[in-house]
Amino acid sequence: MTAADQELHFADAGEAADLAAFLARLIHYDRAAAVRLQAGGGVLAVFGRPPSFEVLAIRTARLEAIIGTDTTTATTAGAAGASGPGALDTTVSAGELGDALDTARAGRTADGHEVRDRGLVVTVPKAVTGPPWAGVLPPRGGWRRVSGLPGVDEVHGAVAAAVAEFRARDAELPEERRTRAERDRIGHEIWSRTLGDTGLPLRAVHAAQSLGFLRPVRAAAPAATSAGAGGGVATATPGPTAEPLALLAAGGWLRLRTPYGSIAVRTSGLSGLSVTPA
């Protein structure tokens, strides 16, 4: 049995809608984007890598069940912690998963159900060959809080100031130097700067904003933490008392956690950056 024979039963259709929006943003940056799915312990974690930011983005949603699961074929080697009854570990097309979510939501609307009612059933798309990043995910546990993270307003201000600086410096370039290479050089300089004394590159905060992770927290049911899929990497549904932002570290990773998802970056072995602000 393959992943395409499986159905994800989302506990809340509103979370599935948020996941569809996340996938649409990934596709905006890469029409051929792939995402790695890991599920276990009642939570689905979706990992993606928007190429413009050189970060790993994670979104989660609660599950009621995974139907048709054969853990022998669905769980990959090295996915310890995602194995066991009801587990899933596969890489799929972000576009195909987004289409499956849209189709399921459209079916509910046609039946007269509200989109954000509880429950939604989505068929898992067929697996694709995963890109290299999909084999190197953040650790599942061992995360510790890093102090010094500014407040939400300061974080927004830092991103806005960086975007404004990029645009100003780009506008000042003489025509003969207004090349992609020169713009990439400016972008690398700006977005490689760290947020205060935290060590978190500004590109991680910019990615969080561009992917919709820094929007105001809506009042909702208490959050469900993805402890089973990704070591608490993100929250599925933020509640009115959800912590706005937190910075965590484990191994060679830093993770900016928000009520709507997480942005993770490796603190060693980072590749070059090519970015133009969205």
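Residues numbered from 1 in each chain as written. Predicted model: local features only at pLDDT ≥ 70, side-chain atom pairs only at ≥ 80, totals over all residues. Heavy atoms only, no water.

> What should I look at first to understand the overall build of the protein in this one?
A count of helices and strands for the protein gives six helices and ten strands. Relative to its full complement of 278 residues, the protein shows a buried share of 51%. Long-range contacts, defined here as pairs at least 24 residues apart, represent 67% of the contacts in the protein between residues at least 6 apart. Carbon together with sulfur atoms contributes 52% to the accessible area of the protein, which is approximately 12,000 Å² in total. (Helix = DSSP H or I, 4+ residues; strand = E, 2+ residues; numbered from the N terminus. Buried < 20%, exposed > 50% of the residue type's maximum accessible area, 1.4 Å probe, protein only. Contact = heavy atoms within 4.5 Å. Areas by Shrake-Rupley, 256 points an atom, 1.4 Å probe, with all protein chains shown as cover.)

> Help me understand the packing of helix α4 (residues 152–172) against helix α6 (residues 202–210), please; the structure alone is not making it clear to me.
Packed helices, taken two at a time, are described by the angle between their axes plus the distance between the axes. Relative to each other, α4 and α6 sit at 100°, their axes nearing to 10 Å. In terms of orientation, α4 lies roughly perpendicular with respect to α6. On the side of α4, the interface is formed by Val155, His156, Ala158, Val159, Ala162 and Val163, while α6 contributes Leu202, Val205, His206 and Gln209. For the contact of α4 with α6, the residue count by class is seven nonpolar, three polar and no charged. (Axes fitted to C-alpha atoms, helices over the stretch in contact; angles between N-to-C directions. Parallel < 35°, antiparallel > 145°, perpendicular 65-115°, else oblique. Nonpolar A, V, L, I, M, F, W, Y, C, P; charged D, E, K, R; others polar.)

> Teacher, can you tell me more about the pattern of salt bridges here?
A side chain with one charge may pair with a side chain of the opposite charge, provided their charged atoms come close. Across all of its chains, the model carries 17 salt bridges by this definition. Glu15 is the salt-bridge partner of Arg62, the closest N and O atoms lying 2.6 Å from each other. In this pair, Arg62 sits in strand β4 (residues 56–67) while Glu15 sits in helix α1 (residues 13–29), placing the two residues 47 residues apart along the sequence. Pair check on accessibility: Arg62 and Glu15 agree, each one buried. Here Arg59 makes a salt bridge to Asp18, at a shortest N to O gap of 3.3 Å. On the criterion of sequence distance, the pair formed by Arg59 in strand β4 and Asp18 in helix α1 is long-range, its members being 41 residues apart. Of the residues examined, Arg59 reaches a relative accessible area of 2% and is grouped as buried. A network of salt bridges, in which partner residues are shared, links Glu165, Arg169, Arg177, Glu182, Arg185, Glu189 and Arg193. (Salt bridge = Lys/Arg side-chain N within 4 Å of Asp/Glu carboxyl O.)

> What is the right way to look at the environment of Ala65 in this model?
Mapped onto the elements, Ala65 comes out in strand β4. You can call Ala65 partly exposed: its relative accessible area is 27%. As for Ala65 and Leu8, which are separated by 57 residues in sequence, their C-alpha atoms are 6.4 Å apart.

> Honestly, the pairing of strand β10 (residues 261–266) in this entry has me stumped. Any pointers?
Regular strands show a simple pattern: their side chains alternate between the two faces of the sheet. Counting buried residues in β10 gives five out of six residues, a clear majority hidden from the surface. Bridge count for β4 against β10 is three bridges, and the pairing is antiparallel. Note that in β10 the partner of Ala57 across the bridge is Ile263. Here strand β9 (residues 253–258) pairs with β10 via six bridges, running antiparallel. Each bridged residue has a counterpart across the sheet, and for Arg255 the counterpart in β10 is Ala264. (Pairing = 2+ DSSP bridges.)

> Help me understand α6 in this model?
Note: α-helices contain 3.6 residues per turn, so residues at a spacing of three or four share the same orientation. Counting buried positions along α6 gives eight out of nine residues, so the element sits mostly inside the fold. Looking at α6, one finds that the buried residues are Leu202, Arg203, Ala204, Val205, His206, Ala207, Ala208 and Ser210. Buried residues along α6 sit in contact with α1, α4, α5 (180–191), β9 and β10. Of the residues flanking the end of α6, it is Gly212, one or two places downstream, whose phi is positive at about 85°.

> Looking at this model, I keep getting lost on the confidence of the model for the protein. Mind explaining?
Detailed reading of the predicted model is not advised wherever pLDDT is low. Averaged over all residues, the pLDDT of the protein equals 81, while 76% of them reach at least 70. Per-residue pLDDT stays below 50 along residues 71–85; that stretch engages in 24 contacts with residues further than four places along the chain or on separate chains. Segment residues 270–278 is flagged for pLDDT under 50; beyond a separation of four residues in sequence, or across chains, it makes 33 contacts in the model. (pLDDT = per-residue confidence, 0-100.)

> Would you take a moment to explain the side chain of Asp89 for this structure?
Looking at the secondary structure, you find Asp89 in strand β5 (residues 88–93). Classification of Asp89 by relative accessible area gives buried; the value is 2%. A polar contact of 2.9 Å, which involves the side chain of Asp89, links it to the side chain of Arg36. There is a polar contact of 3.1 Å between the side chain of Asp89 and the side chain of Gln38. (Polar contact = N/O pair within 3.5 Å; in protein donor to acceptor, adjacent residues only side chain to side chain.)

> Even after reading the chapter, I still don't get α1, so can you show me in this structure?
Relative to the 24 Å expected for 17 residues at 1.5 Å per residue, α1 spans 25 Å between its end C-alpha atoms, a close match to the ideal helical length. Looking only at α1, the buried set comprises Ala13, Gly14, Glu15, Ala16, Ala17, Asp18, Leu19, Ala20, Phe22, Leu23, Leu26 and Tyr29. Capping the start of α1, Asp12 holds a side-chain oxygen 2.7 Å from the backbone nitrogen of Gly14, two or three residues further along. (Expected span 1.5 Å × (residues − 1).)

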